[in-house]
Amino acid sequence: MSDRTAQPIGVFDSGIGGLTVVRSLLRHLPHENIVYFGDTARVPYGSKSPQVVREYTLQDAEVLLRYDVKMIVVACNTVSAVALDVVQRRAGVNIPVVGVIAPGAAAAASATRNKRIGIIGTQGTIASNSYNNAIRAIDPAIEVFGQACPLFVPLAEEGWTEHKATEMIAREYLFPLVQHKVDTVVLACTHYPILKDVIAKAVPHTVQLIDSGEATGAPVLGLLDSTGLRNPSTLVPNLQFFVSDIPFKFAEVGERFLGGRLGRVQRISGLG
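Residues numbered from 1 in each chain as written. Predicted model: local features only at pLDDT ≥ 70, side-chain atom pairs only at ≥ 80, totals over all residues. Heavy atoms only, no water.

Undergrad: Could you give an account of the overall build of the protein chain, naming the residues involved and the relevant values?
TA: What the protein chain contains, in helices and strands, is 12 helices and 10 strands. By the compact-globule yardstick of 19 Å for 272 residues, the protein chain fits well, its C-alpha radius of gyration being 18 Å. Overall, the C-alpha framework of the protein chain stretches about 50 × 40 × 40 Å when taken along its three principal axes. Taking the intrachain contacts of the protein chain between residues at least 6 apart in sequence as the baseline, contacts between residues at least 24 apart amount to 79%. Within the structure as shown, the protein chain displays about 11,800 Å² of accessible surface, and the carbon and sulfur contribution to it stands at 54%. (Helix = DSSP H or I, 4+ residues; strand = E, 2+ residues; numbered from the N terminus. Rg over C-alpha atoms; globule rule 2.2 N^0.38 Å. Contact = heavy atoms within 4.5 Å. Areas by Shrake-Rupley, 256 points an atom, 1.4 Å probe, with all protein chains shown as cover.)

Next up, the structure:
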């Protein structure tokens, strides 16, 4: 058995949304130690240029590598879309790297019945066409329609999950996808699961919503097993949370994303 099994899984995101991915990992892997880094000082990434995202991504990966992680999960859809290769190169051959796009694309391709899939995400994720490419690589007959929904991130962080304004904005954003008669919609941003009920109201009840973060848990489990890195412990895991800005807001809002207590959140410095 590998002596690396007790090392933590590293997870990073541009901010707080990646905690929905951590929630999925804890469901699939309840005994894995996890180190999470949210770059809250520089969020959002979705409206930034690919060059800047790649620069930030390298620095985020460096943070996780300080903690001797055995695997890196890129919880950010924007980073998964435009900078996954940056993480892979920095991590090297011994540290597997998993993004959220391939699992989300596979889940959507499996779910659709009429081969019409909608993608909702940040401007950066939609502009990258990464989900389109990943889905069409699985099945070229599938039509993919993208829709940027930039206001969803601040609405999720404000906790406006049942607000009339959020419902109105969701209907406006999703109307083009309804017109395209999609039967599956990928929530291609880690913030969006917080708004899942509102999003569901804005589309026909037959439309399936795919949470790309939730879809990531099973592939991570499979990769840990295949590489011999899964932690055999049955103890309560050690979860560490780090941010690049003041921790208070992250701790306050984060429990809604994680679905449980966060505990201590620490600020780190020395990025870039």
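Undergrad: Talk me through the environment of A81; I want residue IDs and the actual numbers.
TA: Tracing the backbone shows A81 in helix α3 (residues 77-82). Residue classification places A81 among the partly exposed residues on the basis of a relative accessible area of 21%. Separated by 73 residues in the primary sequence, A81 and P8 place their C-alpha atoms 24 Å from one another. Those residues within four positions of A81 in sequence are excluded, and the remaining contacts are I101, T125, S128 and S130. (Buried < 20%, exposed > 50% of the residue type's maximum accessible area, 1.4 Å probe, protein only.)

Undergrad: A description of the packing of aromatic side chains should follow, citing residues and the corresponding values.
TA: Enumeration over the complete set of coordinates arrives at 6 aromatic pairs. Taking the centre distance of 4.7 Å and the plane angle of 25° together, the rings of Y67 and F242 count as stacked. Placement of the pair is Y67 in the loop between α2 (50-65) and β3 (71-74) and F242 in strand β9 (residues 239-243), with a sequence separation of 175 residues. Ring centres 5.2 Å apart and planes at 90° place the aromatic pair F152 and Y192 in the edge-to-face group. Of this pair, F152 sits in helix α8 (residues 152-158) while Y192 sits in the loop between β7 (184-187) and α10 (196-201), and the two are 40 residues apart along the sequence. The same class applies to F152 and to Y192, which are both buried. Each residue in the set Y36, F241 and F250 is aromatic and connected to the rest through ring pairs, giving one cluster. The ring of Y56 is capped by R42, whose NZ or CZ atom sits 3.7 Å from the centre of that ring. (Phe/Tyr/Trp six-rings, centres within 6.5 Å; stacked < 30°, edge-to-face > 60°. Lys NZ or Arg CZ within 6 Å of the ring centre and 35° of its normal.)

Undergrad: Break down the environment of V153 for me, with residues and values.
TA: With respect to the secondary-structure elements, V153 resides in helix α8. Along the backbone, V153 and G15 are 138 residues apart, and their C-alpha atoms lie at a distance of 10 Å. Once you skip the residues sitting within four places of it in the chain, V153 turns out to touch C189, H191 and Y192.

Undergrad: Let's hear about the state of the cysteines: which residues, and what values?
TA: By definition, a disulfide links the sulfur atoms of two cysteine residues through a covalent bond. Across all of its chains, the model carries 0 disulfides by this definition. Free cysteine: C149, not disulfide-bonded; nearest cysteine sulfur from C189 at 9.2 Å. (Disulfide = S-S within 2.5 Å.)

Undergrad: An account of the environment of P96 is requested, with residue identities and associated values reported.
TA: Its location among the elements puts P96 in the loop between α4 (84-91) and β4 (97-98). By relative accessible area, P96 is classed as buried at 16%. Residues P96 and G228 lie 132 residues apart in sequence; the distance between their C-alpha atoms is 12 Å. With sequence-adjacent residues up to four places away left out, P96 is seen in contact with K70, M71, I72, L223 and L229.

Undergrad: How would you sum up the packing of helix α5 (residues 101-111) against helix α7 (residues 130-138)? Please name residues and give values.
TA: Close contact between α5 and α7 brings their axes to 9 Å; oriented N to C, the two are set at 50°. Taken together, α5 and α7 sit at an angle that is classed as oblique. The two elements α5 and α7 meet at a crossing, and its hand is right-handed. Facing α5, whose interface residues are I101, G104, A105, A106, A108 and A109, α7 presents S130, Y131, A134, I135 and I138. Residues that form the contact of α5 with α7 fall into these classes: 9 nonpolar, 2 polar and no charged. (Axes fitted to C-alpha atoms, helices over the stretch in contact; angles between N-to-C directions. Parallel < 35°, antiparallel > 145°, perpendicular 65-115°, else oblique. Left-handed = near helix turned anticlockwise from the far one by under 90°. Nonpolar A, V, L, I, M, F, W, Y, C, P; charged D, E, K, R; others polar.)

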